[in-house]
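Coordinate inspection notes
Letter by letter, the chains look like this.
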Amino acid sequence: GTMFVADIIIGEVESVDGPNSYVGYLQNVSARLALEQQAKINEQVFDISQAPVIVMNYIGTIRSVSAATAKTFGHSDESIVGNNVKMLMPDHVAVEHDRYLKTYIDHGVRHVINSTRIVQGLHSSGSMFLAEISVRELAHESGDRADSIFIGNVRDISDQDSMTRISTRNQQVA
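Computed from a predicted structure; not experimentally measured.

**Examining a negative patch on the surface**
A contiguous patch of negative charge on the surface is contributed by Glu 43, Asp 47, Asp 77 and Glu 78. With respect to the helices, strands and loops of the structure, Asp 47 is situated in helix H1 (residues 30-48).

Next up, the structure:
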């Protein structure tokens, strides 16, 4: 036979006219433990990432962020999680964000999903910075886009060396 990790629950059933009986329940929890271990690994990778990573749902509510996100945008993790991702964008970008999400959820029209774009980020101080963002969809098994999770990676490219690389890359494309 194969060995596995199990939860076992045993209970006594009292009898009125004879000896008591025992009932047991056995559940293989190996898969659950493996998932918990993978979740711990993912959390550690997320925490040590030097890049800001943002996880949000289909309406833009931020579900989690890497530690680097708080540093880059100047907010605490607690002030970001649970809020709309628009808080990390200047107004002229944020005003369109909900429409972009709704258009994708309703019709599958992508604006940023599965691409890399250069946009402006908004620091908590009110200053803006140039950022390269990549957004990927983690599709839900239901196939419904409204059940998907979106993972965004942000890279602050406002330093002069990054600007030079972008300029060179844009000239090569043109």
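**Comments concerning the environment of Gly 24**
Relative to the elements of secondary structure, Gly 24 occurs in strand S2 (residues 21-28). Considered as a pair, Gly 24 and Ile 9 are 15 residues apart in the sequence and their alpha carbons are 5.6 Å apart. Beyond its immediate chain neighbours, meaning those up to four positions away, Gly 24 contacts Ile 9 and Ile 10.

**With respect to the packing of aromatic side chains**
Tallied over the entire structure, the rule returns 2 aromatic pairs. Between Tyr 104 and Phe 150 the ring centres are 6.0 Å apart and the planes differ by 80°, which places this aromatic pair in the edge-to-face class. One end of the pair, Tyr 104, is in helix H4 (residues 91-107); the other, Phe 150, is in strand S7 (residues 149-156), and 46 residues separate them in sequence. Across this residue pair, the class does not change: Tyr 104 and Phe 150 are buried.

**Thoughts on the environment of Asn 153**
Inspection of the secondary structure puts Asn 153 in strand S7. Classification of Asn 153 as partly exposed rests on a relative accessible area of 35%. When neighbours within four sequence positions are excluded, Asn 153 is seen to be in contact with Ala 51, Pro 52, Glu 132, Ile 133 and Ser 134.

**Brief notes about the pairing of S2**
Within S2, only 0 of the 8 residues are buried, leaving the element largely exposed. Bridge analysis of strand S1 (residues 6-13) against S2 gives 8 bridges, and the strand direction is antiparallel. Pairing of Gly 11 across the sheet is with Val 23, part of S2.

**As for the sheet that holds strand S4 (residues 62-65)**
Pairing in this open sheet of 5 strands is antiparallel, and the strands run S4-S3-S7-S6-S5 from one edge to the other. Each edge of the open sheet is held by one strand with a lone partner, namely S4 and strand S5 (115-122). Mean inter-strand twist for the sheet, computed between neighbouring axes without regard to direction, equals 30°. Note that S5 and strand S6 (residues 128-138) share 8 bridges and pair antiparallel. Bridging from a neighbouring strand, Arg 117 pairs with Ile 133 of S6.

**Some remarks on the pattern of salt bridges**
Counting across every chain of the model gives 6 salt bridges. For Glu 36, the salt bridge is made with Arg 32, and the minimal N-O distance between the two is 3.4 Å. Of the two residues, Glu 36 and Arg 32 are both situated in helix H1; the distance of 4 residues between them amounts to about one turn of the helix. The exposure class assigned to Glu 36 is partly exposed, which follows from its relative accessible area of 37%. Taking the shortest distance from any N to any O, the salt bridge between Lys 86 and Asp 98 comes out at 2.7 Å. A residue pair is termed long-range when its members are at least 10 positions apart, and Lys 86 in the loop between helix H3 (77-80) and H4 and Asp 98 in helix H4 qualify at 12 residues.

**Brief notes about the pairing of S7**
Where strand S3 (residues 53-56) and S7 come together, 4 bridges link them in antiparallel fashion. In the strand pairing of S7, Val 55 is matched with Ile 151. With 8 bridges joining them, S6 and S7 adopt antiparallel strand pairing. From the neighbouring strand, Glu 132 faces S7, where its bridge partner is Arg 155.

Cut-offs and rules
- The residue numbers shown here count from 1 along each chain, following its written sequence.
- Only residues with pLDDT of 70 or above have their local features reported here, since the model is predicted, and side-chain atom pairs are shown and tallied only from 80 upward, although totals for entire chains, interfaces and linings are computed over all residues.
- In computing side-chain properties, one takes all heavy atoms of the structure into account and sets aside hydrogens as well as water.
- Each patch is built from residues that are more than 30% exposed by relative accessible area and take part in no salt bridge. Like charges join if they lie within 9 Å; nonpolar side chains (Val, Leu, Ile, Met, Phe, Trp, Tyr) join within 5 Å.
- Computed with the Shrake-Rupley method and a 1.4 Å probe, the accessible areas treat only the protein chains shown as cover for residues.
- Basic side-chain nitrogens of Lys or Arg form a salt bridge, by our definition, when they fall within 4 Å of a carboxyl oxygen of Asp or Glu.
- In summary, the charge assignment counts Lys and Arg as positive and Asp and Glu as negative, without counting His or the chain termini.
- By convention, charge coordinates are those of NZ in Lys, CZ in Arg, CG in Asp, or CD in Glu.
- Runs of H or I in DSSP of at least four residues are treated as helices and runs of E of at least two as strands, each being numbered from the N terminus.
- Contact between two residues is taken to exist if any of their heavy atoms lie within 4.5 Å; hydrogens are not considered.
- We call Phe, Tyr and Trp rings a pair once their centres come within 6.5 Å, taking the six-membered ring for Trp, and we label the pair stacked below 30 degrees between planes, edge-to-face above 60, and tilted otherwise.
- Only protein chains enter the accessibility calculation, which uses a 1.4 Å probe; a residue is then buried when its area is under 20% of its type maximum, exposed when over 50%, and partly exposed in between.
- Between any two strands, pairing holds if DSSP finds at least two bridges.
- The axes used here are C-alpha line fits, helices contributing only the stretch in contact, and every angle between their N-to-C directions lies in the interval 0 to 180 degrees.

As far as function goes, none of this settles anything; it's purely spatial.
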